[in-house]
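A closer look at the structure
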Amino acid sequence: MKEVVLRSENVNKHFGITHAVKDVSLEFYRGEVHGLIGENGSGKSTYCSMLSGIHSISSGRFILEGKELHVKSLVEANMNGISIVVQEMGTLSGLTVAENIFLGREHKFMHGFIKDTAQMNRETQQLLDSYGLNRINASTVIDNYSFEDRKLIEIVKATYFEPLVVTIDETTTALSQKGREELFKIIEHLKETNKTVIFISHDLSEVLAHTDRISVLRDGALVKTVNSNEVDADELKRLMVGRELDNRYYRTDYDGTVSDEVVLSVSNLSVPGEFEDISFDLHQGEILGIGGLSECGMHELGKAIFGGSYDRTGSVLLPRKGLEITSIPEAIKHGIAYTSKDRDNESIVLAINIADNITLPSLDILAKKRVLKKKELHAFAQSHADRMSVRMTGIKQYVFDLSGGNKQKVVLARWLGRDSDIFVLDSPTRGIDVKVKADIYALMSELKERGKSIIMISEEILELIGMSDRILIMKNGKFNGTFTRSVALTEEDLIAKMV
Amino acid sequence: MPFIGFVGLVLVFSILTKGRILNPRNISLMLSQVYVLMIASLGVFMIMTVGGLDFSQGSILGLTSIVFAWVSPHGIVLGIVAAMLAGALMGAFNGFFHVKFKIASFIVTICTMYLFRGLCEYLTTHGPISASLKVLSLDETWLKILLTTIVITIGFLVIHFTRLGYDLRAIGAGEIAARFSGSRPELTTFLVYTFAGMITGFASFINVIRVGSITGTAGSQLETQILIALVLGGMPIGGGAKARFSNIIFGSLTYSVLERSLPMVFPVSATQQLVKGIIFLIVVALTIDRKSLRVIK
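Remember, it's a predicted structure, so these values are computed and weren't measured experimentally.

Here's the deal with the overall build of chain A
Secondary structure assignment for chain A yields 18 helices and 22 strands. Considered along the principal axes of its C-alpha atoms, chain A spans approximately 70 × 50 × 50 Å. The 499 residues of chain A split such that 48% are buried. Contacts in chain A between residues at least 24 apart in sequence constitute 69% of all its contacts with a sequence separation of at least 6.

Encoded structure:
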C-alpha cells in the first residue's frame, strides 16, 4: 500500500516573536504529488525551507525513511535526497548553465586540481536533452536565458540526481503556459519513478489538477489534509481563509459598455525588440485587460506607457490635458500609476520603510513651500496603509520583511495616496493569495466606479475574463485579438489568440 | 551606537593620557582639525547615501584652496564664491563621468584624485601660494565654529525637510524602484557630486584661514579621513535608508579625537599607525549595523 517516505513531527519555527510554523505534523507517501497551500505568510515556504536545510528548525523533527533528518544546508539536504526549487530566483548569474546545475557537486569532474569543463558541459547537455530542453545550451552563461528558462534550469538542477523528495515552491507563476506544461511533465515523470513531490502554488485549479493529496496551512498551523479528487477550489479556499469567501471574487456585472471619453491615447508605440506599432485608446472608467504569453511584449508595453522605457518611439497622449507623456516624473505628475510585474525591483524600494515607500511618489504634492514635515508624511502614509489594510507592525517597518501580498498593498497604497486617475497594473495579483487577490479585485471595481481607468496586464486568463471590460491579446509584440466583456467568453477563446 | 563609540573613545583616552586630552589647549587643537573634515564630510555623506564613494575630495580641497588664495585679494567673499564654483565644477566633472559614462564612482574619483592633485602640484611648482594677509586675521575660533555650524545646519535642514533627502535614501536603497517612483536618479546623483564639490570649496576657505599658504600637497589624505570618519560615525558603506545625519557629526569628532590622542599615548609614529589600524577595526566591528549589510548592493 502507501508507504510513508517522509514525515514531520511537531515542527515549529520562530522568527523572533513571529511563530511562523506551528506544530506541523505531516506525512508524505512515496510516489505522490502532495500539494501545500495556504495564504501568503501561512508558513508553506518556511516549512519547506526547514526541510531543505535553508532555515534551521526551532523544534520538532523530520523523519526520512525512518531516520531523523539532520541537515544544515541545501547541499546536505541534497545529499540526503531532499531538494527544492525555491520561490525566488535560485540560479547564480555569471555562471554557465552547467556550472549552475552542478554547483556544489563539481568534485565529480575534478581531476586533482583541474576541472574537466568539457565533460561537465557534455553531461549537462545530455541531462537537458533528457528533459526535452535541448534549446538550452549547457556552456552558455545563464544570464542569456529568460526568467522562465532559468526557472526550468533550476528544476533540472533540483531533480536530475533523483532525490527522494522534491519541493517545488511557487514556481508556476514565473512560467508561461508552455513552461508550466514542461514542469508538469517533469512532475509526472518524478511520480512515475516513485519520487515524492511537494508542490506549493497559489493557483488552486493547478493544484487540484496535478496533486494526489493537498495539505492546507493557515497562520503557520496545519488545517487539514484532503484527497485532491474529493474537494473543489471553493472548499480549498474556505479551508485556507477559515471562513466563507465573499462571492464577489471577480466582477459580477457583465456590462462592458464604458464612457466614450478617452483618457489615454496610445499611438504607434514601439520599443525595438519588444513590441511594435501599438495603438489603442483607454476610456474613462474602463478596465482594459491586456493578455498574452509572458514574452509577448505586454510587460514592456506597460512600462513604456508609464515612460519607463529608454528607447520608445510613438506617443502616449492624455487627450483631456492635451499633453504627451515622455518620462516617469511626468506620468506620475499627470495621474498615471504603475505597478510592475517585477515588484521587488521596480514597484517598491525594499530597503526603506513602508512610510517612505508610500510617500515617495507624492513628495512633490506633500511639500509645502518645498518643506517636508515628517509628521505630515507619516500621517499620510498611515492613512493610506490603513486604507489598504496592510498587515504590518507599523509604517516604520522595512518593506523587505513583508509578504508578497502586503508589498503589493503598499504599492497600491502609494498610488491611491497620489490620487492617480490611470492605473497601469502589470500582473497585479502575481504570487498573491486568494484573500489579498479578492481585495485587489474589489479595489479595481471601486476605482472603476469612481471613474478611474485601469490597464490590467496579466498572464492569468481567468483574471482577464473576470475583470476586464475589453481584452486586447498580444502575440509576438503585436495586437492579435480584441474581446469585449461577455459571459460567453472562455479561456480557449483567449488562448487561441495568444499562441 | 556611534555616540557610544565616541564617548567610549574619549573616556579611554582620558584615562590613558591621565586627562591631558581634555585640557583646553588640546580641545582647541582638536577642534581646529574638525571643521574642514566635518564640512567636507557633509558632501561625501550625501554621495555615500546614494550608494557612491568619493576619493577626490582631498584634491578638490587643494585646488579650491588655490583658487581661493588667488581671488582673496579682491575680496574674501568673492574668494569664497570662486572656490565654491571651482569645487562645484570639479564635482560636476566627477558626477558627469559617473552618471553619463556609467563608471563606478570610486573609479572615477580615484582618477580625478590624481588629476586634480596633478593640477594642484603644477600650480604650486614655483612655491606655495599665499592668500591675502587679511585672511589670516580671520583665524578666530568663534568664526570657524559659526561657519561650520551654519553649513551643518543647512545640510541637516536640506536632508530632513526637502525632497532631496528622501530621494537620496530611496536611490541608495534601490535605484530602479526609485526611478519607477518618480525620482530622477541620474540627475540627483549628478547634483549630489556637484554639491559635494561645492561644499568642499567652501571648506577650503577655513582650510586657508588655518594654513595661510597652499602647497602642492594641501588637503591630501582628506578623502581617506572623510571616509574613515563617516564609517566610524556608523555610516553604512552601501548607503540607503540607514544613513543618519549624526554619522557626520560623531564620525568627524571621533576621528579628530583619535588623531589628537594617539601621539600623546604612543610617541613613536610607527606604533601610532599600528594602533590606529587596530582601533578602526575594533570600532567598526563593534558599531557596524550588520542588519543593513543585507541591503548593500
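That was the structure; now back to the text.
Topic: the overall build of chain B
Each helix and strand in chain B was counted, giving 13 helices and two strands. Relative to its length of 297 residues, chain B is compact, with a C-alpha radius of gyration of 19 Å against a globular reference of 19 Å. Counting all 297 residues of chain B, 50% fall into the buried class. Partitioning the contacts of chain B with sequence separation of at least 6, the portion at a separation of at least 24 is 79%.

Comments concerning the interface of chain A and chain B
Every contact between the two is made by 24 residues of chain A and, on the other side, 19 residues of chain B. The set of elements that each furnish at least two residues to the side of chain A that touches chain B consists of helix 10 (328-333), helix 11 (343-347) and helix 13 (363-366) of chain A.

Re the domain arrangement of chain A
Reports often express the size of an interface as the amount of accessible area lost when the parts come together. Residues and elements named next belong to chain A. Once the domains are mapped, chain A shows domain 1 (4-94 + 141-241) and domain 2 (262-498). The greatest single-element share of the side of domain 1 that touches domain 2, amounting to three residues, is contributed by helix 8 (residues 233-241). Its residues assigned to classes, the side of domain 1 that touches domain 2 comprises two nonpolar, seven polar and four charged.

Observations concerning the packing of helix 5 (residues 147-159) of chain A against helix 6 (residues 177-192) of chain A
Residue and element names in this part refer to chain A. Close contact between helix 5 and helix 6 brings their axes to 10 Å; oriented N to C, the two are set at 10 degrees. Compared by their axis directions, helix 5 and helix 6 come out roughly parallel. Two secondary-structure elements touch here, helix 5 through Glu148, Lys151, Leu152, Ile155 and Thr159 and helix 6 through Gly179, Glu182, Leu183, Ile186 and Leu190. Counted by class, the contact of helix 5 with helix 6 contains five nonpolar, two polar and three charged residues.

Digging into helix 2 (residues 24-49) of chain B
Residue and element names in this part refer to chain B. The end-to-end C-alpha distance of helix 2 is 35 Å, a good match for the 38 Å that 26 residues give at a rise of 1.5 Å each. Where helix 2 bends most, at Val34, the angle is about 35 degrees. One or two residues past the end of helix 2 sits Gly51, with phi positive at roughly 100 degrees.

Let's talk about the sheet that holds strand 17 (residues 323-324) of chain A
Residues and elements named next belong to chain A. Spatial ordering of the open sheet is given by 14-13-16-17, a layout of four strands whose pairing is antiparallel. Both outer strands of the open sheet, strand 14 (275-283) and strand 17, are each paired with one neighbouring strand and no more. Sheet topology note: the strand 16 (residues 313-318)/strand 17 ladder contains two bridges and is antiparallel. Bridge assignment links Leu318 to a residue of strand 17, and that residue is Leu323. In the packing of helix 9 (residues 298-305) onto the sheet, contacts are made with strand 13 (262-271), strand 14 and strand 16, and the angle to strand 13 comes to roughly 120 degrees.

Some remarks on the nonpolar core
In globular proteins that are soluble, nonpolar side chains generally tend to be buried together. By size, the foremost hydrophobic cluster in this structure holds 154 residues, and its most contacted members are Val349, Val410 and Val424 of chain A together with Ala40, Phe68 and Leu230 of chain B. For this core, the element with the highest residue contribution is helix 2 of chain B, accounting for 13 residues. Not counting chain neighbours up to four residues away, the residues in contact with Phe68 of chain B comprise Gly79, Ile80, Ala82, Ala83, Ala131, Ser204, Phe205 and Val208 of chain B.

Quick word on the sheet that holds strand 18 (residues 336-339) of chain A
Residue and element names in this part refer to chain A. With mixed pairing, six strands are arranged side by side in an open sheet as 18-19-20-15-21-22. For this open sheet the edge positions go to strand 18 and strand 22 (478-484), each flanked by a neighbour on one side alone. For this sheet the average axis-to-axis angle between neighbouring strands, irrespective of direction, equals 15 degrees. In the sheet, strand 15 (residues 287-291) pairs with strand 20 (residues 453-458) via five bridges, with the strands oriented parallel. Counted as the bridge partner of Gly289 is Met456 from strand 20. Here helix 16 (residues 434-449) sits on the sheet in contact with strand 15, strand 19 (422-426) and strand 20, set at roughly 150 degrees to strand 20.

Side note on the pairing of strand 19 of chain A
Residues and elements named next belong to chain A. A large share of strand 19 lies buried, amounting to five of its five residues. Taking every second residue as pointing to the same face, both faces of strand 19 are buried, with Ile422, Val424 and Asp426 on one and Phe423 and Leu425 on the other. Taken together, the four bridges between strand 18 and strand 19 define a ladder with parallel strand orientation. Across the sheet, Tyr338 pairs through a bridge with Val424, a residue of strand 19. Bridge count for strand 19 against strand 20 is five bridges, and the pairing is parallel. Note that in strand 20 the partner of Val424 across the bridge is Ile455.

As for the environment of Ile287 of chain A
Residue and element names in this part refer to chain A. Here Ile287 lies in strand 15. Looking at Ile287, the number of C-beta atoms within 10 Å reads 27, which means it is buried. Remark: the alpha-carbon pair of Ile287 and Ile454, spanning 167 residues in sequence, is separated by 4.7 Å. Excluding anything up to four places from it in sequence, Ile287 contacts Met444, Lys448, Ile454, Met456, Met467, Ser468 and Asp469.

Some words on the packing of helix 8 (residues 163-173) of chain B against helix 10 (residues 185-211) of chain B
Residues and elements named next belong to chain B. Where helix 8 contacts helix 10, the two axes come as close as 11 Å, and the packing angle between them is 110 degrees. Judged by the angle between their axes, helix 8 and helix 10 are roughly perpendicular. Once helix 8 is placed against helix 10, the crossing between them reads as left-handed. Side by side, helix 8 and helix 10 meet where Asp167, Leu168 and Ile171 of the first sit next to Pro185, Thr188, Thr189 and Val192 of the second. Of the residues assigned to the contact of helix 8 with helix 10, the class counts are four nonpolar, two polar and one charged.

Details of the pairing of strand 12 (residues 221-227) of chain A
All names here are of chain A. One ladder, built from six bridges, connects strand 11 (residues 213-218) with strand 12; its direction is antiparallel. The residue of strand 12 that forms the bridge with Arg213 is Asn227. The hairpin turn running from strand 11 into strand 12, its antiparallel successor, is two residues long, and Asp219 in that turn takes a positive phi close to 50 degrees.

A word on the environment of His74 of chain B
Residues and elements named next belong to chain B. Within the secondary structure, His74 is located in the loop between helix 3 (57-71) and helix 4 (76-100). Judged by C-beta crowding, with 11 C-beta atoms within 10 Å, His74 ranks as exposed. In this structure the C-alpha to C-alpha distance between His74 and Pro24, which are 50 residues apart in sequence, comes to 36 Å.

Comments concerning helix 7 (residues 141-161) of chain B
Residue and element names in this part refer to chain B. Here helix 7 contains 21 residues, and its C-alpha end-to-end distance of 30 Å stays within 8% of the 30 Å for a straight helix at 1.5 Å per residue. What helix 7 keeps buried is the set Lys144, Thr148, Gly155 and Ile159. Projection of helix 7 onto a plane perpendicular to its axis shows the buried side chains occupying an angular sector of 30 degrees, all on one side. Away from its buried face, by an angle of more than 90 degrees, helix 7 presents the exposed residues Trp142, Leu146, Thr149, Ile150, Thr153, Ile154 and Leu157. Looking at the buried side of helix 7, the elements it contacts are helix 2, helix 8 and helix 10.

Focus on unusual backbone geometry
All names here are of chain A. One non-glycine residue with positive phi stands out, namely Lys369, at about 50 degrees. You can see Lys369 is positioned in the loop between helix 13 and helix 14 (374-387). Judged by local crowding, Lys369 falls into the exposed class, with 4 C-beta atoms found within 10 Å. For Ser427, which is not a glycine, the phi torsion comes out positive at approximately 45 degrees. Position of Ser427 among the secondary structure elements: in the loop between strand 19 and helix 16.

Cut-offs and rules
Residues numbered from 1 in each chain as written. Chains lettered and ligands numbered in written order. Predicted model: local features only at pLDDT ≥ 70, side-chain atom pairs only at ≥ 80, totals over all residues. Helix = DSSP H or I, 4+ residues; strand = E, 2+ residues; numbered from the N terminus. Buried ≥ 20, exposed ≤ 12 C-beta atoms within 10 Å, placed from the backbone. Contact = placed C-beta atoms within 7 Å. Rg over C-alpha atoms; globule rule 2.2 N^0.38 Å. Domains from an automatic or database assignment. Nonpolar A, V, L, I, M, F, W, Y, C, P; charged D, E, K, R; others polar. Axes fitted to C-alpha atoms, helices over the stretch in contact; angles between N-to-C directions. Parallel < 35°, antiparallel > 145°, perpendicular 65-115°, else oblique. Expected span 1.5 Å × (residues − 1). Bend = angle between axes of the 7 residues up to and from the residue. Pairing = 2+ DSSP bridges. Core = buried A, V, L, I, M, F, W, Y, C linked by C-beta atoms within 7 Å. Left-handed = near helix turned anticlockwise from the far one by under 90°. Arc of directions from axis to C-beta.

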